[in-house]
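Observations on chain architecture
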Amino acid sequence: MGLPSLPVDQLRADQLSAVEDPGRQVELDPDLAERTATSVLAATDDPDVASAAHRMRGLARARRGDNAAATRDLVKAIKIADRVGLARRGALARLSLVVVHAADGRFDLALDQADRARPWLSGPDRGELLAQRGVALARLGQAPAALRSFAAALRLLDPRTQPIWCARVHLNRGLVLTYRGDLVAAEVELERSRVEFGALRLAGGVGMASQNIGYLHTLRGDIPAALEWLDEAERMKLAVGMDTASTSHDRAEALLSVGLAAEARGHAATAVAGMTRQGRGADLAEARLTLARAASLVGDHAGARRAAGAALRAFMSQERPGWAAIARQIVLRARWDGGERSARLIAEARICAEDLDRAGWRTTAMQARVLLAQALLDGQHRSEAAVELALASRARRRGAADLRVAAWHVEALLRLAHGDRSGALRAASAGLDVVDAHSAALGATDLRAQSMTRGRPLAQLGLDLVIARNRPRDVLRWLERARTTALRRRPARPPRDARLAAQLAELRQVTSAISQERGRGADTVDLRRDQVRLEGLIRDHARHARGVDHAAERLDLDQVIAALGARALVEYFSAGDQLRAVVLVDGRCRIITLSSYGDALREAESLRFAMHRLARRHGTEASLAIAWTTLEHAAAALDAALLAPIARLIGDRELVLVPTMRLHALPWPALPSLHGRPVSVAPSAAQWVRAACAPRRRTGAVVLVAGPDLVFAEPELRSVGRHYPGAVRIRDRSATADRVQRAIDGARVAHIACHGHFRTDNPQFSSLRMVDGPLMVYDLERLRRAPDLIVLSACDTALSAVHPGDELVGLSSALFALGTRTLVAAVSPVDDEAAKTLMVDFHRRLARGGSPAAALAESQLAHGVIGFACFGAG
Amino acid sequence: MTSESRAEERLWHDLRGVFDAVDPVPADVLAVARGALALRTLDAELARLVADSALDLSVGVRDDGPGRLVTFESDTLTIEVQVSQTGADRHLVGQLVPPVPARVTIQTPGGAVEVDADELGRFSASQVPAGPVRLVCHRPSEQVTVTSWLTI
C-alpha cells in the first residue's frame, strides 16, 4: 500500500477554508492574510477558490492602505466569479469593493456595486452588504439613509457567526451619529464596538473605535480626553501594522479646535502626505480641508487658499456638494483676509452660506455668515447685513463651543449694525466667556496658552469698540479680559505621575549624553532621535491632564489702584501696527498713542543683538565699540518710542509694566529712563495684583544652587550665602535636577546660578542645566509650590513664547502659575562674571530690606549691568 | 574653426547630453556655480568667515544664546551676523563695521533677498531658507564685498 494521496476535494476544501472567511484573518494580520492568499492563488485553478483568494488579498491590501492594488484584486475576484456564474462569490467580492470605492471617493461606483450584489445575497450575507452600503452612504453625506442601512444590517447579521461585522456596524453607526452631533448615542455605539473588538482580540478594531471616541471628544470640547484616546488608537493601530494617517488627521482636528494651529498644520500635512501615497481620495480631500483651516488660523491665507482649492476640486469630482461648500467657505475667507473687497465676494459668500445651511453644516454656515456680514458692513450695506446676521445669531446659546463663539461674533456684529455699541461689546464678551469655559477643560499649559487663538477675532472686535468709545478704564478691563487666560488658572497636573517622572528622567539622560558626545565630536544622530521621541511622549502624556473647572478671575480695578499706591501701571497693547499704552496713575487712567509696533520691534531686536555680542565678547575691539554705540542708540530709540510719550504721566514713579507681544522679551532696564528706577514686569495687571496682594512667605527654606560649568557660580554662591545663614546650598555633583526640584519646592527664596536655555520650538522644554541634565518647565510644573522669590542667574530664562492674547509659555510663566510672587531673571545673554557681581550686590540690598525691584534697579545702576529684570511683585 | 575642433566640440556636447540624462547636476548646485561665476565679473572683495560661535564651546556666558554669532572680515569691512531659527527658516540680524548705509543681498541657492542696512549699518532678514547663504554688500562708492558661503 502506498502513501495515501490527499484527495483533490480535500485539498480544495483546505484552500477554500483558508480564504473563505477573510474578515478575522485580515483584521488580525493583513500581511499574513495577503501571503496566504497569494500562495493559494499560485496553487489553484479552481475559480471558486481563486475568486475567494483574490477577495481576501484585496481586503488585506485595502487594510494596509493600498487601495489601488485592492481594487485590482477585487475586480479580478468579480471577473473570475462572473465568468463561471458563481453569483454569490461575485456578489461577496462586490460588497467588499463598495467600501474601497467609497474610500476613494468614487461613490457612484460604490453604490452601483452594492446594487449589483444585492439580488444574489440573502440573510447574513445581505447583512454584510447593507453594512458596507451604509458606509458608502455615510461618506456621501446621506446620514439618514446610512443609519437605515445599518439598522437593517444589524437585523440580518448573526452575532455568533458574524461578530466582527456586528462590531464594525456599531463602529460606523457611531461615526455617523458623531457627525450628526448626536454625541450621547454615538458614544454608546462606539464604546460597544470597542468592547466587541476587544473581546475578539482585534487590536485594529479597538484602535479604530478608540480613534472615533477621540474624535467624539474633540467635538464635545474635551481635548485632553480626545488626545488620550487618539494616543491609544495610534498605539493599537501601529501594533497591527495599520496605517495611521487618519489618526494624524483626527489629531490635527483636536489641536485645531483649541487653536494649536501650527502643530495641527503639521499633523494635517502628515495625513495629507500619507493619504496621497495611498490614493485615498475621499479621506485626502477631508484632510486637505483640515490643512486649509490650520493654514487659515496661522494667517497663511495663500496656503489656506491652495489647500482648500485642492479639496474643493476633489469634493466636486466626488460629487460631495456639502463638503465642497465648506472648502468654498475657507477659500472665500482666505480671499477676504488676503484683502479682496468685491461685490463678487459678497455674492459668493451668500450662496456659500445657503449651501452650507442646506447641507446641515451649522458652524461653517455661521462662519460664512460672519464673513458675509463683514463684507456687507464693509460695503455700507448695513440693513442687508442685519438680515443675514439675525438669521445666524440664534445659535449662540447652545451647541458646540465653536458654533456658539461664531454665533456670538455674529450677534456682536448685528448689534453693531444697529448702532448698539455696548450691546456689541457684551456679545463679544459673552463669546470670550465661551472660549474661556472651553479652555478651562484643558490642563496642560501648552494647550491652554493657545486656546485664546479662537477668541482672537472677538477680542479684536471688542478692543476696537472700547478704543472708539475712548473710556480708558474700559480699555484696560477689556485688555485684561482678553489677555493671558492661561495664567489666570493654575495648571492642572498629575504631581505624582510615575510615568511622566520616568520619561523626564530618561530625557534628561539622553540630553546630557548628547552634550557629552557632541563635546567629543561624536555622532549624535541616534541620541537626538531618542530626544525627539521622548519629548513627543512627554508632551502628549502631559496633555492628558484635565483642567480644574473654576471661573477665571476678573480684574478688580479698585484693587489694582489700591495695590499700586504711588506706582504707575503701564499696559501696552497694539491694534494693527499701532502701539498704545494704558497708563494708570493715582487712580486716573489714560490711553496714549505710541510708535509703530514694527519700528519698536526692530530696535528691540537690534538691542538684543548688541547685548548678545557684548555678553559673549564676540568680535574685534572695533566691532564691540560699535555694539556699544548700537546698544545706546537702540535703547534711546525705544525709550523715545515707549516711554517718552508717557514721561509726564509717570514722572519718576516706580513702574509696573505689562508689555505686549514680542516686547515681553525686551530688556526694559536698558532703557535710559528706567536706569535705576524700580520696575516690575508682569504678563498682565491681574497677575501682578494677585502676586502683589499675596502675603510674602515667611517660612520655607532658602535654597542656593550652583549649576555645572560656570566659573563664577560657586563664588557667587559663597558670597550670596553670607546674607542667608542656614541656607541650603547645592553644588557640584549634588546639583541634580531631582535634588534641586525637591529642595526648591515650597522654598521662601531660591537662587539658581546656572546655564539656561530657552527653546523657541517648544518652550515647555526650556530648561536650567543641572549636573545630570536639564531641569525643564515640565519638571517645574510638578512642584507643589514654586519658591516665593526665585532668582535665575542664567541667560534668557525670562523669555517666553507669546501666543495670541499675550499668552506666555516659558520658565517664568510656569513659575508664576505655581505660586511664585517674584522672579528675577535675565532677558538677554549675560556675562558670567558680571552676573556674579550683580547678584551678590542684589542680595546684599535685599537683605537690608529693599524690595526686589528696588534692589535690582540699584545694583544694575551701580554695576552697569542691564540684562536682568524683575517680574511679578516687585 | 578647424574640423578637428568642431568634432571635439561635438563630442563635448554629446557627452554633456549623456551626463544630463544619466546624472544631472542638481539645480541648486548649478545656481551656486552660476552665482560664483557671475561674481567673478564684479570687482568684488571677499570677506572670510573669521569667527563662528557654533564652533566656540568655551564658557563665559550663561546660556546657549539666542542664536549663532558669526563674523566675516575683508580688508575694508567687517560683517557681524546673528542667525536664529524660526521654525524651518532662519532669521538674520546683522551689523556692518564700520557702520554705513548699504544694500545687502542675502544669496541662497534658490534665490536672493535684498535688504537695506540703515545709517548705523544695521540690517535684518527674516524667512531665509536653511542651507548655504552668502551676503553681498554694496556700499556707496565702495568696492562690493562678498562673504564666503556659510551653511545656516
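Preceding block: the structure.
Below is a short write-up of the structure. Everything quoted here is computed from the prediction, not taken from an experiment.

A few words on the overall build of chain A. Across its full length, chain A carries 39 helices and 16 strands. Taken against the 2.2 N^0.38 rule, which gives 29 Å for 874 residues, the C-alpha radius of gyration of chain A at 32 Å falls within 12% of a compact globule. Seen through its principal axes, chain A has C-alpha atoms that stretch 105 × 80 × 50 Å. Residue burial in chain A is summarised as follows: out of 874 residues, 60% are buried. Partitioning the contacts of chain A with sequence separation of at least 6, the portion at a separation of at least 24 is 68%. In the form shown here, chain A has an accessible surface area of approximately 34,100 Å², with 52% of it arising from carbon and sulfur atoms.

So, about empty space enclosed by the protein. Residue and element names in this part refer to chain B. All told, the structure shown has four cavities of 30 Å³ or more when counted by the stated rule. Within this model, the second largest cavity holds a volume of roughly 40 Å³. Together, Val-70, Phe-72, Val-81, Val-83, Leu-92, Val-133, Leu-135, Leu-150 and Ile-152 line the second largest cavity. Elements that contribute at least two residues to the lining of the second largest cavity include exactly β2 (68–73), β3 (78–86) and β8 (132–138). Residue composition of the lining of the second largest cavity, by class: nine nonpolar, no polar and no charged.

Attention shifts here to the nonpolar core. Residue and element names in this part refer to chain A. By size, the foremost hydrophobic cluster in this structure holds 71 residues, and its most contacted members are Val-570, Tyr-572, Leu-607, Leu-642, Trp-668, Ile-752 and Met-770. Excluding anything up to four places from it in sequence, Ile-752 contacts Val-705, Val-740, Leu-768, Met-770, Ile-790, Val-791, Leu-792 and Ser-793. One finds Leu-256, Ala-304, Ala-307 and Ala-324 within the second-largest nonpolar core, a separate group that totals 57 residues.

Here we take up the side chain of A:Asn67. All names here are of chain A. In this fold, Asn-67 is placed in helix α5 (residues 67–83). Side-chain polar atoms of Asn-67 contact the side chain of Asp-104, separated by 3.0 Å. Not counting residues up to four positions away in its chain, the partners in contact with Asn-67 are Ala-62, Val-100, Ala-103, Asp-104, Gln-278 and Arg-280.

All names here are of chain A. Where helix α3 (residues 30–43) meets helix α4 (residues 47–64), the closest approach of the two axes is 8 Å, and the angle between their N-to-C directions is 155°. With respect to α4, the element α3 is oriented roughly antiparallel. The interaxial crossing formed by α3 with α4 has left-handed handedness. Residue-level contacts link Pro-30, Asp-31, Ala-33, Glu-34, Thr-36, Ala-37, Thr-38, Val-40 and Leu-41 of α3 to Val-49, Ala-50, Ala-53, His-54, Met-56, Arg-57, Ala-60, Arg-61, Arg-63 and Arg-64 of α4. Per-class residue counts for the contact of α3 with α4 are 10 nonpolar, three polar and six charged.

All right, on to the interface of chain A and chain B then. On the chain B side, the residues contacting the 39 residues of chain A number 29 residues. Regarding the contact of chain A and chain B, the summed buried area is about 2,700 Å², with carbon and sulfur atoms giving 57% of it. For chain A, the biggest contributors to the area lost against chain B are A:Phe609, A:Arg616 and A:His618; these three give 25% of the whole. One salt bridge connects A:Glu603 with B:Arg122, and the closest N-O pair in it is separated by 2.9 Å. There are eight residue pairs in polar contact (both at pLDDT 80 or more) connecting chain A and chain B. Contributing elements (two or more residues each) for the side of chain A that touches chain B: α30 (597–616), α31 (621–643), α34 (713–721), β9 (756–757) and α38 (832–847) of chain A. In terms of residue count, α30(A) provides more of the side of chain A that touches chain B than any other element does, nine residues in total. Among the residues making up the side of chain A that touches chain B, the classes are represented as 15 nonpolar, 13 polar and 11 charged.

Glancing now at the sheet that holds strand β12 (residues 789–793) of chain A. Residue and element names in this part refer to chain A. With mixed pairing, the 11 strands of this open sheet are ordered in space as β3-β2-β1-β4-β5-β16-β15-β12-β8-β6-β7. Two strands bound the open sheet, and with one partner strand each, they are β3 (588–596) and β7 (728–730). The average undirected angle you get between the axes of adjacent strands in this sheet is 20°. The pairing of strand β4 (residues 655–658) with strand β5 (residues 679–681) spans three bridges and is parallel. The partner of Leu-655 across the bridge, within β5, is Val-679. The strands touched by α34 within the sheet are β6 (702–706), β7, β8 (749–753) and β12, with β6 carrying the most contacts at an inclination of about 160°.

Right, let's get into the packing of helix α18 (residues 321–337) of chain A against helix α19 (residues 343–359) of chain A. Residue and element names in this part refer to chain A. Following both chains from N to C, one finds α18 and α19 inclined at 150°, their axes separated by 9 Å at the closest point. Here α19 runs roughly antiparallel to α18, going by the angle between their axes. Our pair here, α18 against α19, has a crossing hand that is left-handed. Contacts between α18 and α19 involve Gly-322, Ala-325, Ile-326, Arg-328, Gln-329, Leu-332, Arg-335 and Trp-336 from the former and Arg-344, Leu-345, Glu-348, Ala-349, Ile-351, Cys-352, Asp-355, Leu-356 and Ala-359 from the latter. Per-class residue counts for the contact of α18 with α19 are 10 nonpolar, two polar and five charged.

Quick notes on the rules
- Residues numbered from 1 in each chain as written.
- Chains lettered and ligands numbered in written order.
- Predicted model: local features only at pLDDT ≥ 70, side-chain atom pairs only at ≥ 80, totals over all residues.
- Heavy atoms only, no water.
- Helix = DSSP H or I, 4+ residues; strand = E, 2+ residues; numbered from the N terminus.
- Rg over C-alpha atoms; globule rule 2.2 N^0.38 Å.
- Buried < 20%, exposed > 50% of the residue type's maximum accessible area, 1.4 Å probe, protein only.
- Contact = heavy atoms within 4.5 Å.
- Areas by Shrake-Rupley, 256 points an atom, 1.4 Å probe, with all protein chains shown as cover.
- 1 Å grid on protein atoms, 1.4 Å probe; cavity = no way out; pocket = protein on both sides within 12 Å on 5 of 7 lines; lining within 4 Å.
- Points joined across faces, edges and corners; volume = space filled by probe spheres on them.
- Nonpolar A, V, L, I, M, F, W, Y, C, P; charged D, E, K, R; others polar.
- Core = buried A, V, L, I, M, F, W, Y, C linked by side-chain atoms within 4.5 Å.
- Polar contact = N/O pair within 3.5 Å; in protein donor to acceptor, adjacent residues only side chain to side chain.
- Axes fitted to C-alpha atoms, helices over the stretch in contact; angles between N-to-C directions.
- Parallel < 35°, antiparallel > 145°, perpendicular 65-115°, else oblique.
- Left-handed = near helix turned anticlockwise from the far one by under 90°.
- Buried area = accessible area lost by both parts, 1.4 Å probe.
- Salt bridge = Lys/Arg side-chain N within 4 Å of Asp/Glu carboxyl O.
- Pairing = 2+ DSSP bridges.

Without other data, these values stay purely geometric and don't point to any function.
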